[in-house]
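Each chain, letter by letter, is given below.
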Amino acid sequence: MKVFKKMYWLIYPVLIVVFMLIYDQLFTTDIFIMKAIICAVLAFILSPRKKITLTKKGKIKQIVWLFLKEPILINK
């Protein structure tokens with residue numbers, strides 16, 4: 001989890017590349033713009049979000065992701 005706290009922002013570009021590779025295997029299209037937009041939207045939906053919540057102790061930064069049960073707290 002320590003690595004994920006520091007490198008969570010890398011998931012978005014990695015997901016775009018993975019979706020582009022999958023898209024190339026499934027569909028045969030030469031329109032790069034359409035392929036990039038579709039893959040970017042999918043990556044945006046599935047990428048983690050950084051959220052700031054207000055508590056009694058102050059503001060807490062969290063990483064919320066679709067695949068995690070509990071949010072990861074960032075101590076900054």
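Rules and cut-offs
- Residues numbered from 1 in each chain as written.
- Predicted model: local features only at pLDDT ≥ 70, side-chain atom pairs only at ≥ 80, totals over all residues.
- Heavy atoms only, no water.
- Helix = DSSP H or I, 4+ residues; strand = E, 2+ residues; numbered from the N terminus.
- Rg over C-alpha atoms; globule rule 2.2 N^0.38 Å.
- Buried < 20%, exposed > 50% of the residue type's maximum accessible area, 1.4 Å probe, protein only.
- Contact = heavy atoms within 4.5 Å.
- Areas by Shrake-Rupley, 256 points an atom, 1.4 Å probe, with all protein chains shown as cover.
- Patch = residues over 30% accessible without salt bridge, like charges linked within 9 Å, V, L, I, M, F, W, Y side chains within 5 Å.
- Salt bridge = Lys/Arg side-chain N within 4 Å of Asp/Glu carboxyl O.

Colleague: How would you explain the overall build of the protein if you had to name every residue and give the values?
Modeller: Of the regular secondary structure elements, the protein holds three helices and three strands. Starting at the N terminus and walking to the C terminus, you meet the elements of the protein as α-α-α-β-β-β. Rg of the C-alpha trace for the protein: 16 Å, well past the compact-globule value of 11 Å for 76 residues, more than 25% over. Taking the principal axes of the C-alpha coordinates as reference, the protein spans close to 55 × 20 × 20 Å. Residue burial in the protein is summarised as follows: out of 76 residues, 22% are buried. At a minimum sequence separation of 6, the contacts of the protein that also span at least 24 residues come to 38%. Per element, the accessible surface of the protein, about 6400 Å² overall, is 69% carbon and sulfur.

Colleague: Quick rundown of a nonpolar patch on the surface? Include the residues and the values.
Modeller: There is a patch of nonpolar side chains on the surface, built from Tyr12, Ile31, Phe32, Ile33, Met34, Ile37, Ile38, Val41, Leu42, Phe44 and Ile45 and spanning about 1000 Å² of accessible area. For the nonpolar patch, the element with the most residues is helix H3 (residues 32–46), which contributes nine residues. By secondary structure assignment, the location of Phe44 is in helix H3.

Keep in mind these values describe shape, not function.
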